[in-house]
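Listed below, chain by chain, are the residues.
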Amino acid sequence: MLTEPAPAKLNLALHVRRRRDDGYHELETLFAFVADGDTVTLGEGEGFAVDGPFAGALTGESDNLVTRAAARFAAAFGVEPAGRITLTKRLPVASGLGGGSADAAATLRLLARREDIALDDPRLFACADALGSDVPACLYSRTAIGRGRGEQLQWIDGAPGTPVLLVNPGVAVSTAQVFGGWDGLDRGGLDDGDLLAVAKAGRNDLEPPALSVAPVIGEVLDLLATQRGAALARMSGSGATCFGLFDSVAARGVALEAVSAAHPDWWCLETVLL
Ligand code: C5P
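Positions within a chain are numbered from 1, following the residues in the order the chain's sequence is written. Given that the model is predicted, a residue must reach a pLDDT of at least 70 before its local features are reported, and side-chain atom pairs must reach 80 or more before they are shown or counted; all residues, however, enter totals for whole chains, interfaces and linings. As a convention, hydrogens and water are excluded, and side-chain values are obtained from all of the structure's heavy atoms.

Visitor: Hey, could you go over the packing of aromatic side chains for me, with residue numbers and the actual values?
Guide: Between rings of Phe, Tyr and Trp, where Trp is taken as its six-membered ring, a pair exists when centres lie within 6.5 Å; planes separated by under 30 degrees are stacked, by over 60 edge-to-face, and by other angles tilted. On inspection of all chains with the given rule, the structure shows 3 aromatic pairs. Between Phe54 and Trp267, the aromatic rings sit 6.3 Å apart at their centres with planes inclined by 80 degrees, giving edge-to-face as the arrangement. On the criterion of sequence distance, the pair formed by Phe54 in the loop between β3 (46-51) and α1 (65-77) and Trp267 in strand β10 (residues 267-272) is long-range, its members being 213 residues apart. For every residue, the accessible area obtained with a 1.4 Å probe (protein chains only) is divided by the maximum for its type, and the residue is called buried under 20%, exposed over 50%, and partly exposed between those limits. Of the residues examined, Trp267 reaches a relative accessible area of 16% and is grouped as buried. Relative to Trp155, the ring of Tyr140 has its centre 5.3 Å away and its plane inclined at 75 degrees; by these criteria the two rings are edge-to-face. With a gap of 15 residues between them, Tyr140 in helix α4 (residues 135-140) and Trp155 in strand β6 (residues 152-155) connect regions that are remote in the sequence. Take Trp155: its relative accessible area is 35%, and that puts it in the partly exposed class. To qualify as a helix, a DSSP run of H or I must reach at least 4 residues; to qualify as a strand, a run of E must reach at least 2; elements of each kind are numbered from the N terminus.

Visitor: Talk me through the site of the ligand; I want residue IDs and the actual numbers.
Guide: Whether a residue is near a molecule or strand depends on its heavy atoms: if one lies within 4 Å, it is near. Neighbouring the ligand are the residues Gly23, Tyr24, His25, Leu27, Gly132, Ser133, Arg149, Thr175, Ala176 and Phe179. Any pair of N or O atoms that falls within 3.5 Å is considered a polar contact. Within protein, one atom must be able to donate a hydrogen and the other to accept it, and sequence-neighbouring residues count only if both atoms are side-chain atoms. Between an oxygen atom of the ligand and a side-chain N or O atom of His25, the distance comes to 2.7 Å. For the ligand, a nitrogen atom lies 3.1 Å from a polar atom in the backbone of Arg149. Isolated, the ligand exposes 460 Å² of accessible area, and the fraction of that covered by the protein chains is 73%. Residues are said to line a cavity or pocket when one of their atoms sits within 4 Å of a point; the points come from a 1 Å grid over protein atoms alone, cavities being sets where a 1.4 Å probe fits but cannot get out and pockets being open sets with protein on both sides within 12 Å along at least five of seven lines. A pocket or cavity is taken to hold a molecule when more than half of that molecule's atoms are within 2 Å of the pocket's grid points. With respect to the detected pockets, the ligand is housed in the largest pocket. For the shell around the ligand, the elements supplying multiple residues, two or more each, are β2 (25-43) and α5 (175-180). The greatest single-element share of the shell around the ligand, amounting to 3 residues, is contributed by α5. A per-class count over the shell around the ligand returns 4 nonpolar, 5 polar and 1 charged. The protein chains shown are the only cover counted for residues, whose accessible areas, like all others here, come from Shrake-Rupley with a 1.4 Å probe. Any residue that is not Ala, Val, Leu, Ile, Met, Phe, Trp, Tyr, Cys, Pro, Asp, Glu, Lys or Arg is counted as polar, Gly included; the first ten are nonpolar and the last four charged.

Visitor: Report on the sheet that holds β10, specifying residues and quantitative values.
Guide: Within a sheet, neighbouring strands are paired by backbone hydrogen bonds and run either parallel or antiparallel to one another. Strand pairing is assigned whenever DSSP identifies at least 2 bridges connecting the two strands. The strand order across the open sheet formed by 4 strands is β8-β9-β7-β10, and the pairing between neighbours is antiparallel. At either margin of the open sheet sits one strand with a lone partner, and together these are β8 (230-235) and β10. On average, each strand axis in the sheet is inclined to that of its neighbour by 20 degrees, with strand direction left out of account. Inspection of the sheet shows β8 paired to strand β9 (residues 242-246) by 5 bridges, in the antiparallel sense. When the sheet's bridge partners are listed, Arg234 is paired in β9 with Phe243. Helix-sheet contacts for helix α8 (residues 216-225) involve β7 (163-168), β8 and β9, and the interaxial angle to β8 is about 170 degrees. Interaxial angle, 0 to 180 degrees, is taken between N-to-C directions of lines fitted to C-alpha atoms, where a helix line uses only the stretch in contact. Should any heavy atoms of two residues lie within 4.5 Å, those residues are counted as being in contact.

Visitor: Provide a residue-level description of the environment of Arg142, including the pertinent values.
Guide: Structurally, Arg142 can be placed in the loop between α4 and β5 (144-148). Judged by relative accessible area, which is 43%, Arg142 ranks as partly exposed. As for Arg142 and Gly161, which are separated by 19 residues in sequence, their C-alpha atoms are 14 Å apart. If sequence neighbours within four positions are ignored, Arg142 has contacts with Phe31, Phe33, Ala137 and Trp155.

Visitor: Lay out the state of the cysteines with the relevant residues and their values.
Guide: The disulfide criterion used throughout: a pair of cysteine sulfur atoms within 2.5 Å. Evaluation of the coordinates by the stated rule reveals 0 disulfides. The thiol sulfur of Cys127 is not disulfide-bonded, and the nearest other cysteine sulfur, from Cys138, lies at 15 Å.

Visitor: Before we move on, can you summarise the packing of helix α2 (residues 99-114) against helix α3 (residues 122-131) with the specific residues and values?
Guide: Contact geometry for α2 and α3: axes closest at 10 Å, N-to-C directions at 160 degrees. Considering the angle they form, α2 stands roughly antiparallel to α3. Like other packed secondary-structure pairs, α2 and α3 cross with a definite hand, here right-handed. Listed contacts from α3 to Ala104, Leu108 and Ala112 of α2 are Leu124, Cys127, Ala128 and Leu131. Here is the rule for angles: anything less than 35 degrees is roughly parallel, anything more than 145 is roughly antiparallel, 65 through 115 is roughly perpendicular, and the remaining ranges are oblique. Here a crossing is called left-handed whenever its near helix is offset anticlockwise from the far helix by less than a right angle, and right-handed whenever the offset is clockwise.

None of the figures reported here should be taken as evidence of function without further support.
Spelled out as structure tokens, the structure:
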């Protein structure tokens, strides 16, 4: 039995620069990863199963990014799609944390391990790129600046251990709809400097369109931003999950208590940057 973690992705900043003719948007984004996420396991047998707290959102779906990743891998490397894949879904679905992309990337890593294929094999990158804009970043789960659709990666130094609080108000938002609501105004690229400085100086250009789809995101951001020790509060990806970066584990703990007390139905997770 082989197991791969699928760390959740954060966009510490997400600058939308331009609408492209192919329907995608040209981005400049700061990708970071956290210590928690889903898990993908490869065992004996065949087929696909989902378990974990958010399994319900995927049960009954025959076409998901994990099975598509396995099929693409088998085609690219000319191997039989053998083994039973189990996805343990711990992250909310369609939530801006790149869950599906991270699951697909973990599936590719798992199959690459089984077939003795190096992680930097260009065919593996091509599989990731074809599966979705965030899958290449998730393949390496390393702090990076992403350009293009998000697939052109430049590694940068991370800030490992930074305390993070993730908060999702329980609404699923459509990535395509949120991108479609972007106002078309290029507000400029990322600054230079260290990760947290660049993140703080940056923004998420998808916050306004996401807020018009799900106004509750504004409440999450306000609540996170007003917590003591919150160095940065922002939405990730196309939402609706928001993150707070905290000065200390203690401050993160106090913030978690405050958010849970005010909104017991919101999903919260204490974690750290990788
Ligand atoms: O690449 P992926 O399938 O994850 O993208 C989902 C949707 O998000 C796309 O169909 C597109 O509407 C939007 N998107 C975009 N620009 C990007 C990435 C995603 O417009 N750079």
